[in-house]
Amino acid sequence: MEIIDNMRKKVRDATLSALKASSDLIEISKINMAINSEEQKIKSLMFEMGREVYESYKQGEAVDAELAEMCEEIARAEMDIEDMKLKILEIKNLKRCSGCSAEIDEDYAYCPKCGKKVETEKVNRDEEEEESETASEYEDEDDAEDEMDNDTEEDDE
Ligand SMILES: [Zn+2]
């Protein structure tokens, strides 16, 4: 009955190695889950780090020149978002209350939510006005950056 014994052994070995393989897979997937969770932690901490830097930059605190550049890009993107949101309001024939930020019909003189008088100026400002406004904002930013650069240089010395 040696042949049958050998067959049994082979089957048992195969079963054992299959079990081993599947427990390995479970182990690996457990480890991968732990890796993912650590990676998420790193991501959210990095996000928080970035936000802290950006908040400092917005409050005019000295920020490393390279970081200031990125902050500037973020600020520009935020302005673009604001412009695009205004564009959507314009398409919907709405304007935003400067008091409570409610979206109200562009014909309303007073905000129905907070009662604040709404500027007669529509959301769709003149192109020229918008451009000059944006330009002056950039100038302010550049000034702020120059000051920061000076601060950083002093710190380095
Ligand atoms: Zn309002």
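Residues numbered from 1 in each chain as written. Predicted model: local features only at pLDDT ≥ 70, side-chain atom pairs only at ≥ 80, totals over all residues.

Peer 1: For this particular structure, what's the right way to read the overall build of the chain?
Peer 2: Secondary structure assignment for the chain yields three helices and two strands. Secondary structure elements of the chain occur, N-terminal to C-terminal, as α-α-β-β-α. Here the chain holds 157 residues, and 5% of them are scored as buried. A separation of at least 24 residues holds for 29% of the contacts in the chain among residues at least 6 apart in sequence. (Helix = DSSP H or I, 4+ residues; strand = E, 2+ residues; numbered from the N terminus. Buried ≥ 20, exposed ≤ 12 C-beta atoms within 10 Å, placed from the backbone. Contact = placed C-beta atoms within 7 Å.)

Peer 1: Any chance you could explain unusual backbone geometry here in plain terms?
Peer 2: What you tend to see is this: most non-glycine residues have negative phi, and most peptide bonds are trans. The residue Asn-93 is not glycine, and still its phi comes out positive at about 55 degrees. Along the chain, Asn-93 falls in the loop between helix 2 (65-91) and strand 1 (94-96). By C-beta crowding, Asn-93 is classed as exposed, having 12 other C-beta atoms within 10 Å. Positive phi is not limited to glycine here, since Ser-101 has a value of about 65 degrees. Here Ser-101 is to be found in the loop between strand 1 and strand 2 (103-105).

Peer 1: Just to check I follow, could you spell out helix 2 for this structure?
Peer 2: Residues lying three or four places apart along an α-helix face the same way, a consequence of the helix completing one turn every 3.6 residues. With 27 residues, helix 2 should cover 39 Å at 1.5 Å per step; its first-to-last C-alpha distance of 39 Å lies within 8% of that length. Little of helix 2 is tucked away: two of the 27 residues are buried. In the segment just after helix 2, Asn-93 is the residue with positive phi, at about 55 degrees. (Expected span 1.5 Å × (residues − 1).)

Peer 1: Would you mind showing me how to read the confidence of the model for the chain here?
Peer 2: Any segment with low pLDDT has predicted coordinates that should not be analysed in fine detail. In this model, the chain carries an average pLDDT of 81, and 75% of its residues clear a pLDDT of 70 or more. Mean pLDDT in the chain bottoms out at helix 3 (residues 127-156), which sits at 46, and peaks at helix 2, which reaches 95. Below a pLDDT of 50 lies the segment residues 122-157, which in the model reaches 23 contacts outside its immediate sequence neighbourhood of four places, other chains included. (pLDDT = per-residue confidence, 0-100.)

Peer 1: Sorry, what's going on with the UniProt feature "coiled-coil region" (unreviewed entry) in the chain here?
Peer 2: Residues annotated by UniProt as "coiled-coil region" (unreviewed entry) correspond here to residues 67-94. End C-alpha atoms of residues 67-94 are separated by 37 Å, and the span's content is 89% helix alongside 4% strand. (UniProt positions renumbered as here; feature names shortened; annotations may be inferred.)

Peer 1: How do you make sense of the packing of helix 1 (residues 2-58) against helix 2 when you look at a structure like this?
Peer 2: Packed helix pairs are specified by the crossing angle of their axes together with the interaxial distance, meaning the distance between the axes. One can describe the packing of helix 1 onto helix 2 by two numbers: an axis separation of 10 Å at closest approach and a directional angle of 85 degrees. By the angle between their directions, the pair helix 1 and helix 2 is classed as roughly perpendicular. Seen from helix 1, the contacting residues are Val-53, Tyr-54 and Tyr-57; seen from helix 2, they are Leu-67, Ala-68, Cys-71 and Ile-74. In the contact of helix 1 with helix 2, the residues fall into seven nonpolar, no polar and no charged. (Axes fitted to C-alpha atoms, helices over the stretch in contact; angles between N-to-C directions. Parallel < 35°, antiparallel > 145°, perpendicular 65-115°, else oblique. Nonpolar A, V, L, I, M, F, W, Y, C, P; charged D, E, K, R; others polar.)

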